[in-house]
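# Overview (structure and organization)
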Amino acid sequence: MGLLDILLGRTKPVVPDLDQLFALPSAAVTLEAAAGFTPTGQGAVCFATVEGSAFEQTHREVQALLDADTERTGPPVRLVRDDYGYSWLLSRRTPDQLPLLVNDLHAVNSAMEVNGFGPQLLCSLAGFEDKRGGTEEAGGRRLALVYLYKRGSFYPFAPLPGPGQRRDGALELQVQAALTGDLRIEQDLGRWFPVWGAPGL
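Numbers given to residues run from 1 along each chain, matching the order in which its sequence is written. Since the coordinates come from a predicted model, pLDDT governs what is reported: local features require at least 70, and pairs of side-chain atoms require 80 or more to be given and counted, while whole-chain, interface and lining totals use all residues. By convention in this description, side-chain values take in all heavy atoms of the structure and omit both hydrogens and water.

### Focus on the pairing of strand 6 (residues 153–157)
Extensive coverage of strand 6 is indicated by the burial of five of its five residues. Type-normalised accessible area, obtained with a 1.4 Å probe on protein chains alone, sets the label of each residue: buried when under 20%, exposed when over 50%, and partly exposed for intermediate values. The helix count covers DSSP runs of H or I at least four residues long, the strand count covers runs of E at least two residues long, and both are numbered beginning at the N terminus. Across the two faces of strand 6 the burial is the same, with Ser153, Tyr155 and Phe157 and Phe154 and Pro156 all buried. Linking strand 5 (residues 141–148) back to strand 6 in an antiparallel pair, the connection comprises four residues, with Gly152 at a positive phi of about 65°. Note on pairing: DSSP must find at least two bridges between two strands before they are called paired.

In structure tokens:
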């Protein structure tokens with residue numbers, strides 16, 4: 001950063017650091033101790049869809065790579081489009097396989113970067129739940145730890161159960177405080193975007 005940037009108050013853009021994703025398993029231990037949330041085994045990578053054969057080929061390669069994992073059980077990796085037109089590559093593991101889920105998320109992001117589609121990457125998320133209140137319909141709580149690709153930081157997203165789009169701001173701030181030592185938490189709360197209806201949450 002140059003002197004002119006400092007004088008004009010411009011900041012250097014944050015370089016994405018995908019290795020930050022590998023901090024999720026240790027953060028999960030802290031999250032369970034602090035708030036009672038445990039991994040669901042589901043996670044997803046969100047990206048802006050681009051038309052073209054190169055992009056479609058990258059999709060197929062990434063999906064084939066993850067589906068070829070011999071340790072994977074249950075449903076295969078699948079591609080989902082949300083109501084806003086964004087694409088999500090959803091991976092499912094068992095709840096005790098968070099490190100493998102993180103490997104999946106990292107592999108998708110890395111493959112997109114290598115193939116020149118880094119600018120299309122938006123975020124990745126890992127799902128968590130608190131079953132102490134029962135099922136989600138009976139008052140159980142859901143939470144996502146969302147990694148912002150272009151910021152290299154995480155934030156919590158906690159939708160409230162029931163109808164409508166409401167979030168639990170108090171829980172999000174509690175999680176922020178609990179995980180500050182484990183994850184690079186996004187300090188600009190204006191960037192804690194809601195990911196309503198995100199696959200994996």
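### A closer look at the side chain of Glu186
Summarising the element assignment, Glu186 is placed in the segment after helix 5 (169–179). When its relative accessible area of 4% is taken as the criterion, Glu186 is described as buried. Distance and chemistry together define a polar contact, namely a pair of N or O atoms within 3.5 Å, with one atom able to donate a hydrogen and the other to accept it when in protein, and with adjacent residues in sequence counting only for side-chain atoms on both sides. Looking at Glu186, its side chain comes within polar contact range of the side chain of Arg151, at 2.9 Å. Sequence-distant contacts of Glu186, defined by excluding residues within four places in its chain, comprise Leu148, Arg151, Ser153, Phe154, Tyr155, Arg191 and Trp192. Only heavy atoms enter the contact rule, under which two residues are in contact if any of them lie within 4.5 Å.

### A short note on the sheet that holds strand 3 (residues 86–92)
Here we have six strands laid out as an open sheet, ordered 2-3-1-4-5-6, and antiparallel in their pairing. A single partner strand is all that each edge strand has here, and the edge strands are strand 2 (78–81) and strand 6. Across the sheet, the axes of successive neighbouring strands diverge by a mean angle of 25°, strand direction being ignored. Here eight bridges tie strand 4 (residues 121–130) to strand 5, and the two strands are oriented antiparallel to one another. Across the sheet, the residue bridging to Gly127 is Ala144, located in strand 5. Axes, fitted as lines to C-alpha atoms, cover a helix only where it is in contact. Angles between the N-to-C directions of the axes lie from 0 to 180 degrees.

### Observations regarding the packing of helix 2 (residues 24–35) against helix 4 (residues 98–114)
Packing of helix 2 against helix 4 leaves a shortest axis separation of 9 Å and a crossing angle of 135°. In terms of orientation, helix 2 and helix 4 fall into the oblique class. Crossing geometry of helix 2 relative to helix 4 is assigned as right-handed. Here Leu24, Pro25 and Ala28 of helix 2 lie close against helix 4, whose contacting residues are Leu98, Pro99 and Val102. Partitioned by chemical class, the residues of the contact of helix 2 with helix 4 number six nonpolar, no polar and no charged. Each angle is binned into one of four classes, with values under 35 degrees roughly parallel, values over 145 roughly antiparallel, values of 65 to 115 roughly perpendicular, and all other values oblique. In this scheme the crossing of two helices becomes right-handed for a clockwise turn of the near helix relative to the far one and left-handed for an anticlockwise turn of less than a right angle. Residue polarity is assigned by list, with Asp, Glu, Lys and Arg as charged and Ala, Val, Leu, Ile, Met, Phe, Trp, Tyr, Cys and Pro as nonpolar; anything else, Gly included, falls into the polar class.

### Focus: a nonpolar patch on the surface
Here a patch means residues that are over 30% exposed by relative accessible area and free of salt bridges, tied together within 9 Å if like-charged and within 5 Å if nonpolar (Val, Leu, Ile, Met, Phe, Trp, Tyr). Values of accessible area rely on a 1.4 Å probe in the Shrake-Rupley scheme; residue burial ignores everything except the protein chains shown. What counts as a salt bridge is simple: a side-chain nitrogen of Lys or Arg found within 4 Å of a carboxyl oxygen of Asp or Glu. A contiguous nonpolar surface patch, about 300 Å² in accessible area, is contributed by Tyr84, Tyr86 and Leu122. Residue placement: Tyr86 occurs in strand 3.

### Observations regarding the side chain of Ser87
Here Ser87 shows up in strand 3. With relative accessibility at 0%, the residue Ser87 sits in the buried group. At 3.1 Å, the side chain of Ser87 and the side chain of Arg81 are in polar contact. For Ser87, the contacting residues outside a window of four places in its chain are Val45, Cys46, Phe47, Thr49, Leu79, Val80 and Arg81.

### Here we look at helix 3 (residues 53–67)
What a helix is expected to span follows from its residue count: subtract one and scale by 1.5 Å. Taking 1.5 Å as the rise per residue, helix 3 with 15 residues should run 21 Å; its terminal C-alpha atoms sit 21 Å apart, in good agreement. Looking at helix 3, one finds that the buried residues are Phe55, Thr58, His59, Val62 and Leu66. Here the buried residues of helix 3 occupy an arc of 105° about the axis, which is enough to place them on one side. Next to the buried residues of helix 3 lie strand 1 (38–48), strand 2, strand 3 and helix 4. Each direction from the helix axis to a C-beta atom contributes to the arc, which is the arc of those directions.

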